Amino acid sequence: MSLNKLVSGLLSGVVSIMLITHAMVAETGSQISNNGSFNVTVLKDLEPEPLREFVEFKILVIDVNGKPISDADISLSGGMPAHGHGLPTKPIITAIGNGEYLIEGLKFSMMGTWELNFEIKSKEVSDTAKFTIVK
Ligand SMILES: [Cu+2]
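What counts and what doesn't
Residues numbered from 1 in each chain as written. Predicted model: local features only at pLDDT ≥ 70, side-chain atom pairs only at ≥ 80, totals over all residues. Helix = DSSP H or I, 4+ residues; strand = E, 2+ residues; numbered from the N terminus. Buried ≥ 20, exposed ≤ 12 C-beta atoms within 10 Å, placed from the backbone. Pairing = 2+ DSSP bridges. Axes fitted to C-alpha atoms, helices over the stretch in contact; angles between N-to-C directions. Contact = placed C-beta atoms within 7 Å. Core = buried A, V, L, I, M, F, W, Y, C linked by C-beta atoms within 7 Å.

> What is the right way to read the overall build of the protein chain from this model?
Per the secondary structure count, the protein chain includes 1 helix and 9 strands. Shown N-terminal to C-terminal, the secondary structure of the protein chain runs as helices and strands in the order α-β-β-β-β-β-β-β-β-β. Out of the 135 residues in the protein chain, the part that is buried amounts to 16%.

> How should the sheet that holds strand S7 (residues 100-107) be read in this particular structure?
Sheets are built from strands paired through backbone hydrogen bonds, the pairs being either parallel or antiparallel. Read across the open sheet, the 5 strands follow the order S1-S2-S3-S7-S6; overall the sheet is antiparallel. The open sheet has two edge strands with one neighbour each: strand S1 (29-32) and strand S6 (92-97). Neighbouring strand axes in the sheet, compared pairwise and without regard to direction, differ in orientation by 25 degrees on average. Where S6 and S7 come together, 5 bridges link them in antiparallel fashion. In the sheet register, Thr94 faces S7, and the bridge partner there is Leu102.

> Explain the environment of Thr128 to me, please; I cannot follow it from the model alone.
Tracing the backbone through its elements, the reader meets Thr128 in strand S9 (residues 126-134). For Thr128, a count of 18 C-beta atoms within 10 Å gives the class partly exposed. Here the alpha-carbon distance between Thr128 and Gly36, two residues 92 residues apart in the chain, equals 9.2 Å. Those residues in contact with Thr128 that lie beyond four places of it in its chain are Ser33, Asn34, Asn117, Phe118, Glu119 and Ile120.

> So what exactly am I meant to see when it comes to the environment of Thr89 here?
Looking at the secondary structure, you find Thr89 in the loop between strand S5 (85-86) and S6. Between the C-alpha atoms of Thr89 and Phe108, which are 19 residues apart in sequence, the distance is 8.8 Å. When residues no more than four places from it in sequence are discounted, the contact partners of Thr89 are Gly105, Leu106 and Lys107.

> Would you take a moment to explain the nonpolar core for this structure?
Most often, soluble globular proteins keep nonpolar side chains buried together rather than apart. Ranked by internal contacts, the top residues of the largest apolar core, which has 16 residues, are Phe38, Val40, Ile59, Val61, Phe118, Ile120 and Ala129. Those elements that place two or more of their residues in this core are strand S2 (38-42), strand S3 (54-63), S7 and strand S8 (113-121). Per-element tally for this core: the top contributor is S8, with 4 residues. With residues near it in sequence (within four places) discarded, Val61 still touches Phe38, Val40, Ile69, Ala72, Gly99, Tyr101 and Ile120.

> Sorry, what's going on with the sheet that holds S5 here?
Within the open sheet, the 4 strands sit side by side as S5-S4-S8-S9. Their pairing is antiparallel. Bordering the open sheet on either side are S5 and S9, each of which pairs with just one other strand. Relative to S9, S8 runs antiparallel, the two being bridged by 9 bridges. Following the sheet pairing, Leu116 is matched in S9 by Phe131.

> Please clarify how the pairing of S6 should be interpreted in this entry.
Two faces, one strand: in a regular strand the side chains alternate between the faces of the sheet. With respect to burial, S6 is a largely exposed element, only 0 of its 6 residues being buried. Between S6 and the antiparallel strand that follows it, S7, lie 2 residues; Asn98 among them carries a positive phi value of about 55 degrees.

> What is the right way to read unusual backbone geometry from this model?
Glycine aside, a negative phi is what most residues show, and trans is what most peptide bonds show. We note that Arg52 has phi near 60 degrees; this positive angle belongs to a residue other than glycine. Relative to the helices and strands, Arg52 resides in the loop between S2 and S3. Overall, Arg52 belongs to the exposed group, with 9 C-beta atoms counted inside 10 Å.

Here it is as C-alpha cells:
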C-alpha cells in the first residue's frame, strides 16, 4: 500500500468516526416504548431549540430486533403536566423511510418541563413512548 493510500484511508476513518460521534451527540435520547415494542430515538437535542418558534426534527423507530419500522401510524401529544396544558400546536408527522419520521409544527411556548408522548401503531402492535424535555 502506498503512503498516499494509507493516509487517505486513515483520514476517511477519522471522518467516519467524527460523523458517528456527531450523530450520537445530536440525539436527545432513546426510549423503549411503555410496553417494550419499540425503541424510539429523537434525532435532535430539543432542549436548546428556541421558544415560541416552530421546531422541526426527526425520530427513528425500530423494533426490539433493531428492524426499522417505516409504516407506523404515529401521533404526538403532550404538554406541561405542571401547568395542566397540552401542546400549543398540532404537529404533523410524516414517514420518510428507513424507520424515520419527520415532525413539523411543534412549538414550545414557555420555559419549564414538557412531555412529548408518541403513540405508535404498527401493523402488529400499538405502543407509546414518552420523552421529557426541560426548556
Ligand atoms: Cu406551561
